[in-house]
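In case you want the letters, here they are:
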Amino acid sequence: QVQLVESGGGLVQAGGSLRLSCAHSGRTFSSYGMAWFRQAPGKEREFVAGISWSGGSTDYADSVKGRFTISRDNGKNTVYLQMNSLKPEDTAVYYCAATRRLVSTTTYEYEYWGQGTQVTVSS
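Computed from a prediction, not measured in an experiment: that's the story for all the values here. (Residues numbered from 1 in each chain as written. Predicted model: local features only at pLDDT ≥ 70, side-chain atom pairs only at ≥ 80, totals over all residues. Heavy atoms only, no water.)

## Observations concerning the layout of surface pockets
A water-sized probe rolled over the atoms picks out the places where empty space is left.
Here comes step 1: Of the volumes computed, that of the largest pocket is approximately 170 Å³.
Here comes step 2: Every residue lining the largest pocket is listed: Arg38, Gln39, Ala40, Lys43, Glu44, Glu46, Ser63, Arg67, Glu89, Asp90, Thr91 and Ala92.
Here comes step 3: Broken down by class, the residue content of the lining of the largest pocket amounts to 2 nonpolar, 3 polar and 7 charged. (1 Å grid on protein atoms, 1.4 Å probe; cavity = no way out; pocket = protein on both sides within 12 Å on 5 of 7 lines; lining within 4 Å. Points joined across faces, edges and corners; volume = space filled by probe spheres on them. Nonpolar A, V, L, I, M, F, W, Y, C, P; charged D, E, K, R; others polar.)

Below, the structure is given as structure tokens:
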């Protein structure tokens, strides 16, 4: 059973930065594609960024391109989301997700989810 634990959320002013981390408990972390999703109040969960098992391929939502960077350290079983130039509309609960399939923008492709970490951006 894989467990994902996110950390790094918090309150930041617009224009600021945060780095989220997601620790993967399994022994086969390098076999999983990883992604970050977010969900704002009253909205559906949406794809933010994804990274292939090797780290060689990444994908981003248009709304975060050029501001967010996803990366992974397979030696530490951890995936990161560096968020720069944050905007109030980035406020949401951010979830880490893992899949043994190809990284996708759709939630149902992911077998494992973390509990989420709150990111709040004040104007």
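## Focus: the nonpolar core
Here comes step 1: Core analysis: the largest hydrophobic core is formed by 30 residues, its most contacted members being Met34, Trp36, Val79, Leu81, Met83 and Tyr94.
Here comes step 2: Within the residue set of this core, elements represented by two or more residues are β3 (18-24), β4 (33-39), β5 (46-51), β7 (68-73), β8 (78-83), β9 (92-99) and β11 (117-122).
Here comes step 3: Per-element tally for this core: the top contributor is β9, with 4 residues.
Here comes step 4: In this structure, Ala35, Phe47, Ala97 and Tyr110 belong to the second largest nonpolar core, which totals 5 residues. (Core = buried A, V, L, I, M, F, W, Y, C linked by side-chain atoms within 4.5 Å. Buried < 20%, exposed > 50% of the residue type's maximum accessible area, 1.4 Å probe, protein only. Helix = DSSP H or I, 4+ residues; strand = E, 2+ residues; numbered from the N terminus.)

## As for the pattern of salt bridges
Here comes step 1: Taken as a whole and assessed by the stated rule, the structure comprises 6 salt bridges.
Here comes step 2: Where glutamate 46 meets arginine 38, a salt bridge forms, and the shortest distance between an N and an O atom there is 2.7 Å.
Here comes step 3: A residue is classified by how much of its surface remains accessible, and glutamate 46, at 36% relative accessible area, is partly exposed.
Here comes step 4: The partner of aspartate 90 in a salt bridge is arginine 67, with the nearest N and O atoms 2.7 Å apart. One end of the pair, aspartate 90, is in the loop between β8 and β9; the other, arginine 67, is in the loop between β6 (58-60) and β7, with 23 residues separating them in the sequence.
Here comes step 5: Three or more residues are tied together by salt bridges with common partners; here these are Arg38, Glu46, Arg67 and Asp90. (Salt bridge = Lys/Arg side-chain N within 4 Å of Asp/Glu carboxyl O.)

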